[in-house]
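Okay, here's what each chain looks like letter by letter:
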Amino acid sequence: MPVRFAYGLHLRGLDGVAELPATTAPTAGSQLVTVRQRHTPPPDPVPLGANRVVRLLTDGRTLDLDRRRGTATFYGPPLAPDVLAHPYLAPVAVTLNRWAGRETFHAGAFVHHGQAWVVHGGRTAGKSTLLAALATRDVSVLADDIVVLDGTDVLAGPRCVDLREPLPGGRLPTRPVRDATRLRIALPAVAPRLPLGGWLFLRWGDGPALAPVGPTELLARLAARRSLPELPSAPTGLLELAGLPGYDLTRPRDWAALDATHRLLDAALTPAGARP
């Protein structure tokens, strides 16, 4: 029977969600998890341990995540399945993957010449807007909101990007989601994993411009930004990730700069052997 997958997880309970690709052949090392909703009183909080956590979410719902049972149970008002897939799957994916020894980051990723470039940015940095703008320019987006790394491979997330406001000139259709507070752009299918090419850190300012981030600074940034730092990370793994290229990407708060930003990224990230 086909199961849905995202972030290296194979998911039951979200069978009809178009944002989650289907597969009949779960990949080695993936974890099967059943996503459930309950409208009964939630269990008491349980601190993050090696196999279970019960935590209060920012919207007042409770998530009970049990690694041994392979269940992710949400307590509270009902959620539409497509909203469970994004963004509520994010804390499930973060915790299960960190338990499995993978690194995760609050970030997005796009594909350039067969490699995944991870985009870091805070809530107002325009990360999703940049990813959506790239998608309208036929750039594949691998993940929005959460990036999961299996070694130096980036695992694909749900096939959508949610925006707070419309993207001017966007060619991709949108639909309202999350009580009409977001506009969702559907993304085409993508490979379930791709090798990591490098890192981008978003900044507002003049530009667009790229400035290299040295390995020592990059290692410090990655160590500070990894999810659930209370869970162990392999130092050699972070060193390997910091050995890849990193850049600060500065661009103005101007919709008209998106084309120039795309051209800059295309020129700077294209391997020398692939240039015309």
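What comes next concerns the included structure. For clarity, every value in this text was computed on a predicted model and none was experimentally measured.

Topic: unusual backbone geometry
- Here the amide bond leading from His 86 into Pro 87 is cis, since omega sits at 20°, within 30 degrees of zero.
- Following the sequence through the fold, Pro 87 ends up in the loop between α1 (81-85) and α2 (89-99).
- For the bond from Gly 207 to Pro 208, the omega torsion is 10°, close enough to zero to count as cis.
- You can see Pro 208 is positioned in the loop between β16 (193-204) and β17 (209-212).
- One non-glycine residue, Asp 145, lies in positive phi territory at about 90°.
- Structurally, Asp 145 is set in the loop between β10 (141-143) and β11 (146-150).
- Take Asp 145: its relative accessible area is 15%, and that puts it in the buried class.
- Even without a glycine there, the phi angle at Leu 228 is positive, about 45°.
- Within the element layout of this structure, Leu 228 appears in the loop between α4 (215-225) and α5 (235-242).

Regarding the nonpolar core
- Within the largest apolar cluster, 31 residues are counted, with the highest numbers of intra-cluster contacts made by Leu 11, Leu 20, Phe 74 and Val 92.
- Top contributing element to this core by residue count: α2, with seven residues.
- Discounting chain neighbours no more than four positions away, the residues touching Val 92 are Leu 9, Leu 63, Leu 65, Ala 72 and Phe 74.

Describing the side chain of Arg 102
- Within the secondary structure layout, Arg 102 lies in the loop between α2 and β8 (103-112).
- The exposure class of Arg 102 is buried, given its relative accessible area of 9%.
- Within the structure, Arg 102 has its side chain in polar contact with the side chain of Asn 97 (distance 2.7 Å).
- A distance of 3.5 Å separates the side chain of Arg 102 from the side chain of Asp 150, its partner in a polar contact.

So, the packing of aromatic side chains
- Here the structure, examined in full by the defined rule, presents three aromatic pairs.
- Geometrically, the ring pair formed by Phe 74 and Tyr 88 is edge-to-face, given 5.9 Å between the ring centres and 85° between the ring planes. Of this pair, Phe 74 sits in strand β7 (residues 71-75) while Tyr 88 sits in the loop between α1 and α2; the two residues are 14 residues apart in sequence, bridging distant segments of the chain.
- By relative accessible area, Tyr 88 is classed as buried at 15%.
- Seen in terms of ring centroids, Trp 117 and Tyr 247 are 6.3 Å apart; in terms of plane orientation they differ by 35°. Their pairing is tilted. Here Tyr 247 lies in strand β18 (residues 246-251) and Trp 117 lies in strand β9 (residues 115-120), a separation of 130 residues in the sequence.
- You can call Trp 117 buried: its relative accessible area is 4%.
- When the ring centre of Phe 201 is taken as origin, the NZ or CZ atom of Arg 221, which lies over that ring, is 4.7 Å away.
- Looking at Arg 251, its charged tip hangs above the ring of Trp 204, at a distance of 4.1 Å from the centre.

Cut-offs and rules
- Residues numbered from 1 in each chain as written.
- Predicted model: local features only at pLDDT ≥ 70, side-chain atom pairs only at ≥ 80, totals over all residues.
- Heavy atoms only, no water.
- Helix = DSSP H or I, 4+ residues; strand = E, 2+ residues; numbered from the N terminus.
- Buried < 20%, exposed > 50% of the residue type's maximum accessible area, 1.4 Å probe, protein only.
- Core = buried A, V, L, I, M, F, W, Y, C linked by side-chain atoms within 4.5 Å.
- Contact = heavy atoms within 4.5 Å.
- Polar contact = N/O pair within 3.5 Å; in protein donor to acceptor, adjacent residues only side chain to side chain.
- Phe/Tyr/Trp six-rings, centres within 6.5 Å; stacked < 30°, edge-to-face > 60°.
- Lys NZ or Arg CZ within 6 Å of the ring centre and 35° of its normal.

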